[in-house]
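Spelled out from the first residue to the last, the chains are:
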Amino acid sequence: MNCIDFTNGKTQVFGIIGNPVEKSFSPILQNTIARALGMNSVYVPFKVEKGAVATAVKGGKELGIKGFNVTVPHKIEVMEALCDIDPVAERIGSVNTLKLTENGYKGYNTDIIGLKKCFEERNIDISGKTVVLAGAGGAANSAAMLAGEEKAAKLVILNRTKEKAEKLAERVRAYYSIETEVLGYDEIMSIENPEIFVQTTSVGMGNDVDGTPVKNAEFFNNVKIVVDIIYTPWETKLMKDASAHGAVAVNGFDMLFYQGLASFEIWNDIKVDKELAVKLKNQLTDFYCGR
Ligand code: NAP
């Protein structure tokens, strides 16, 4: 039997708070990045029930846990347990990263960074373009704020529940001077120059392999790039439809990787070299696909 020597008295602890967390890929992602950079740290999952987030965060501080990722369903509830919040996370209205400071945890949102990197890696410039967003939930908030941040000309939000889309459009306009429009999925063909499409609903995820919020695939004829932030299955029905109609379709794994990398950089006050980041992303992609 071998002795375990990758932790000792100086090991820093990080983790993810959510429910469920059993299937989260973040422990593999974060521990892989940490090992590659020679950090003396471990990252573990913490299942936390709704209503218990503040207690968990308080306990985390007492235990000296250096940082957390926060996932469904706690990204909003956790905001009440923080001593400080990054302005971008405040605009988005949710937090997915906590960093331990002297007074408690400061909250950040790195989903927006993950999505931004996804475009940057493909040399896609959002500025001046029409961005079409499917969904108005938590992830859609990050995508909508990115459209504002990057000076898109127009943001069109499609959502099953129109009131939620209206609220999101209002929120974006409160921070950015961007034209917004709310439409139903059945009105999609009326959108002029829908160059960039971001799919943030849970339709098409997991076993829902035939699910897509866009029923008329002809719509993708005029779209240049489609990002579906789902990564299971690797290629969703929406991505298949988009590719078949000439759009470049990308799944959500890059976003997942880069939001995690951004959290890691915030916790450790470092910037990971671009080449190493791509190498790690490819390594994790191979691992994820090979499971
Ligand atoms: P959420 O807040 O619960 O929002 C879910 C969205 O999906 C809402 O807009 C909802 O519409 C829509 N929706 C659900 N079922 C639908 C249906 N049958 N028909 C039409 N619309 C439907 O969830 P979230 O946190 O934003 O996450 C959404 C997805 O993004 C999940 O698949 C998640 O895994 C993924 N995600 C990926 C990353 C990444 O790094 N790649 C990061 C975050 C999230 P209503 O408003 O009408 O209910």
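Conventions and cut-offs
- Residues numbered from 1 in each chain as written.
- Predicted model: local features only at pLDDT ≥ 70, side-chain atom pairs only at ≥ 80, totals over all residues.
- Heavy atoms only, no water.
- Helix = DSSP H or I, 4+ residues; strand = E, 2+ residues; numbered from the N terminus.
- Rg over C-alpha atoms; globule rule 2.2 N^0.38 Å.
- Contact = heavy atoms within 4.5 Å.
- Areas by Shrake-Rupley, 256 points an atom, 1.4 Å probe, with all protein chains shown as cover.
- Lys, Arg positive; Asp, Glu negative; His and termini not counted.
- Charge placed at Lys NZ, Arg CZ, Asp CG, Glu CD.
- Pairing = 2+ DSSP bridges.
- Axes fitted to C-alpha atoms, helices over the stretch in contact; angles between N-to-C directions.
- Salt bridge = Lys/Arg side-chain N within 4 Å of Asp/Glu carboxyl O.
- Domains from an automatic or database assignment.
- Buried area = accessible area lost by both parts, 1.4 Å probe.
- Polar contact = N/O pair within 3.5 Å; in protein donor to acceptor, adjacent residues only side chain to side chain.
- Nonpolar A, V, L, I, M, F, W, Y, C, P; charged D, E, K, R; others polar.
- 1 Å grid on protein atoms, 1.4 Å probe; cavity = no way out; pocket = protein on both sides within 12 Å on 5 of 7 lines; lining within 4 Å.
- Points joined across faces, edges and corners; volume = space filled by probe spheres on them.
- Core = buried A, V, L, I, M, F, W, Y, C linked by side-chain atoms within 4.5 Å.
- Buried < 20%, exposed > 50% of the residue type's maximum accessible area, 1.4 Å probe, protein only.

(A) Just the overall build of the protein chain, in detail. The helix and strand inventory of the protein chain stands at nine helices and 12 strands. Computed over its C-alpha atoms, the radius of gyration of the protein chain comes to 19 Å, within 12% of the 19 Å expected for a compact globule of 291 residues. Seen along its three principal axes, the alpha-carbon backbone of the protein chain occupies a region of about 60 × 40 × 35 Å. Put simply, 70% of the contacts in the protein chain that link residues at least 6 apart link residues at least 24 apart. For the protein chain, the exposed area adds up to about 14,400 Å²; of that, 50% sits on carbon and sulfur atoms. One finds the centroid of the 33 positive side-chain charges in the protein chain at a distance of 3 Å from the centroid of its 37 negative side-chain charges.

(B) Broad picture of the sheet that holds strand β12 (residues 248-250). An order of β9-β8-β7-β10-β11-β12 is seen for the six strands of this open sheet, with the pairing classed as parallel. Each edge of the open sheet carries a strand with a single partner, namely β9 (179-183) and β12. When the angles between neighbouring strand axes are averaged without regard to direction, this sheet yields 15 degrees. Two strands pair when backbone bridges link them, and strand β7 (residues 130-134) and strand β8 (residues 154-158) are joined in this way by five bridges, in the parallel orientation. Bridge pairing links L133 to I157 in β8.

(C) Seen up close, the pattern of salt bridges. Tallying each qualifying case throughout the model produces 14 salt bridges. Residues K106 and D84 are paired through a salt bridge, measuring 3.9 Å at the closest nitrogen-oxygen approach. Remark: D84 occurs in strand β4 (residues 84-85) and K106 occurs in strand β6 (residues 104-108); sequence separation between them is 22 residues. The partner of K162 in a salt bridge is E187, and the shortest N-O contact between them spans 3.4 Å. One end of the pair, K162, is in helix α6 (residues 162-175); the other, E187, is in the loop between β9 and β10 (196-199), and 25 residues separate them in sequence.

(D) Quick peek at the domain arrangement of the protein chain. The domain architecture assigned to the protein chain consists of domain 1 (12-109 + 254-290) and domain 2 (113-251). Of note, the centres of domain 1 and domain 2, computed from C-alpha atoms alone, are 25 Å apart. In this assembly, 16 residues from domain 1 lie in contact with 19 residues from domain 2. With both sides pooled, the region where domain 1 packs onto domain 2 buries about 1,700 Å², and carbon together with sulfur makes up 61% of that total. Across the domain 1-domain 2 interface, the total number found is three salt bridges. At the junction of domain 1 with domain 2, the criterion picks out seven residue pairs in polar contact (both at pLDDT 80 or more). Taken together, the elements giving at least two residues each to the side of domain 1 that touches domain 2 come down to α3 (87-92), α8 (253-268) and α9 (274-290). Among the elements that line the side of domain 1 that touches domain 2, the one with the most residues is α8, at six residues. Residue composition of the side of domain 1 that touches domain 2, grouped by class: eight nonpolar, four polar and four charged.

(E) Region of the structure containing the side chain of E195. Residue placement: E195 occurs in the loop between β9 and β10. Once residues lying within four places of it in the same chain are set aside, the contact partners of E195 are K129, T130, N222, V223, K224 and I225.

(F) Summary view of the layout of surface pockets. There is about 220 Å³ of room inside the second largest pocket. In terms of lining, the second largest pocket is formed by I113, K117, Y258, L261, A262, E265, K271, V272, K274, A277 and V278. Sorting the residues of the lining of the second largest pocket by element identifies α4 (111-120), α8 and α9 as the ones contributing at least two each. Looking at which element gives the most residues to the lining of the second largest pocket, the answer is α8, with four residues. Residue composition of the lining of the second largest pocket, grouped by class: seven nonpolar, no polar and four charged.

(G) Focus on the nonpolar core. Ranked by internal contacts, the top residues of the largest apolar core, which has 32 residues, are L115, F119, L133, L155 and V198. Broken down by element, the residue count for this core peaks at six residues, all from helix α5 (residues 138-149). Discounting residues that sit within four places of it in the chain, V198 has contacts with L115, F119, V131, V132, L133, A134, A143, V227 and I229. Counting residues in each nonpolar core, the second largest holds 16 residues, with V132, L183, F220 and A242 among its members.

(H) Inspection of the sheet that holds strand β1 (residues 12-18) at higher detail. Read across the open sheet, the six strands follow the order β2-β1-β3-β5-β6-β4; overall the sheet is mixed. Each end of this open sheet is capped by a strand with a single partner; those strands are β2 (41-47) and β4. The sheet strands contacting helix α1 (residues 26-36) are β1, β2 and β3 (67-70), and the helix crosses β2 at an angle near 170 degrees. Helix-sheet contacts for helix α2 (residues 53-62) involve β1, β3, β5 (97-101) and β6, and the interaxial angle to β6 is about 120 degrees.

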